[in-house]
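As a plain string of letters, each chain reads:
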Amino acid sequence: KLRPPYPHTKGGVTLGSCDDMLKFIKEESVDCTAVDGKCPATCEQLLTQTSNFCDGKKFTHKAERSLEPDLGVVDYNAESVIWLIDWQYKRNGISDDACNEVIHQFQINSIETCNEAFHNVEVDTLHGYYCSTPQSSSTVCHKYCQESITKFDDMCKGTDNKFKYTGLDGKTVDTPYSAIEMENQKILTDATACAFKYTGPSSGAASIVPSFFALAASVIAAIALLL
């Protein structure tokens, strides 16, 4: 268990690469595990120190979700939020964990581009701890779920208004933000009580091809009709 000032060692062995550090956090560290209903202060410290440690380094991305592509070796500075999203996804089985709040806030604060905001909201609305029952439903919207949705709009309504998604054909394309893309976030989410508000340009073009989860939802619906 690492403690400040985080020497980035484990059992006396230096964690020399960003991959080593991220693997340690996902598989061994308990710094972000709540104790007696409280999240240790070391959780946020660990996230901050990891960000500093991996700054300028590369890591190997392997998708945690089915049908999502592995990005391979990527720059941490460019894809750190994607790693946080994947880690969040792995943690979603942890119920009522006070550290979920700390990780969520760190993740939100780390989002710097429309692309990052899109991938964050895609995971949050479908799998997120705060966007799932009982935290959010058709009658209640948790403030942290709404924060992810609003962040998507805030980050994509300006000049940085495109994101990348991978379709069921395995191809990744740039997609402009639009009212339809915001509406797509309602698909398969428990958090229908939340406000999926689009405030971008009224002339913003809708994407010709819906986002990954919209496509997945269409396939699921088609399969259901055949059963």
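Here we summarise the structure given alongside this text. (Residues numbered from 1 in each chain as written. Predicted model: local features only at pLDDT ≥ 70, side-chain atom pairs only at ≥ 80, totals over all residues. Heavy atoms only, no water.)

**Brief notes about the overall build of the chain**
Spelled out, the test is: Every helix listed is a DSSP run of H or I at least four residues long, and every strand listed is a run of E at least two residues long, numbered separately from the N terminus. Burial here depends on accessible area, computed with a 1.4 Å probe over protein chains only, as a share of the maximum for the residue type. Under 20% is buried, over 50% is exposed, and the range in between is partly exposed. By definition, residues are in contact when any of their heavy atoms lie within 4.5 Å. Surface exposure here means Shrake-Rupley accessible area, sampled with a 1.4 Å probe, where a residue is shielded only by the protein chains that are shown.
In terms of helices and strands, the chain carries eight helices and six strands. Beginning at the N terminus, the succession of helices and strands in the chain can be written as β-β-α-α-β-β-α-α-α-α-β-β-α-α. Looking at the chain as a whole, 44% of its 227 residues are labelled buried. When contacts within the chain are restricted to residue pairs at least 6 apart in sequence, those whose partners lie at least 24 apart make up 66%. Here the chain displays about 11400 Å² of accessible surface, and carbon together with sulfur accounts for 54% of that area.

**Comments concerning the pairing of strand β5 (residues 162-166)**
Defined as follows: At least two DSSP bridges between two strands are required for those strands to pair.
Strand direction decides the pairing type here: β5 and strand β6 (residues 172-176), joined by five bridges, are antiparallel. Following the sheet pairing, Tyr 165 is matched in β6 by Val 173. Between β5 and the antiparallel strand that follows it, β6, lie five residues; Gly 170 among them carries a positive phi value of about 85 degrees.

**Regarding the state of the cysteines**
As a reminder of what qualifies: Here, the term disulfide refers to a pair of cysteine sulfur atoms separated by no more than 2.5 Å.
If you walk through the whole model with that rule in mind, you get six disulfides. The disulfide partner of Cys 131 is Cys 145, and the gap between their sulfur atoms is 2.1 Å. One disulfide, between Cys 131 and Cys 145, carries an S-S torsion of 105 degrees and so falls in the right-handed class. With Cys 131 in the loop between α5 (114-127) and α6 (143-156) and Cys 145 in helix α6, this pair connects stretches of sequence that are 14 residues apart. Pair check on accessibility: Cys 131 and Cys 145 agree, each one buried. Linked covalently through their sulfurs, Cys 141 and Cys 194 form a disulfide whose S-S length is 1.9 Å. Taking the torsion about the S-S bond as the criterion, the Cys 141 to Cys 194 disulfide, at about 95 degrees, is right-handed.

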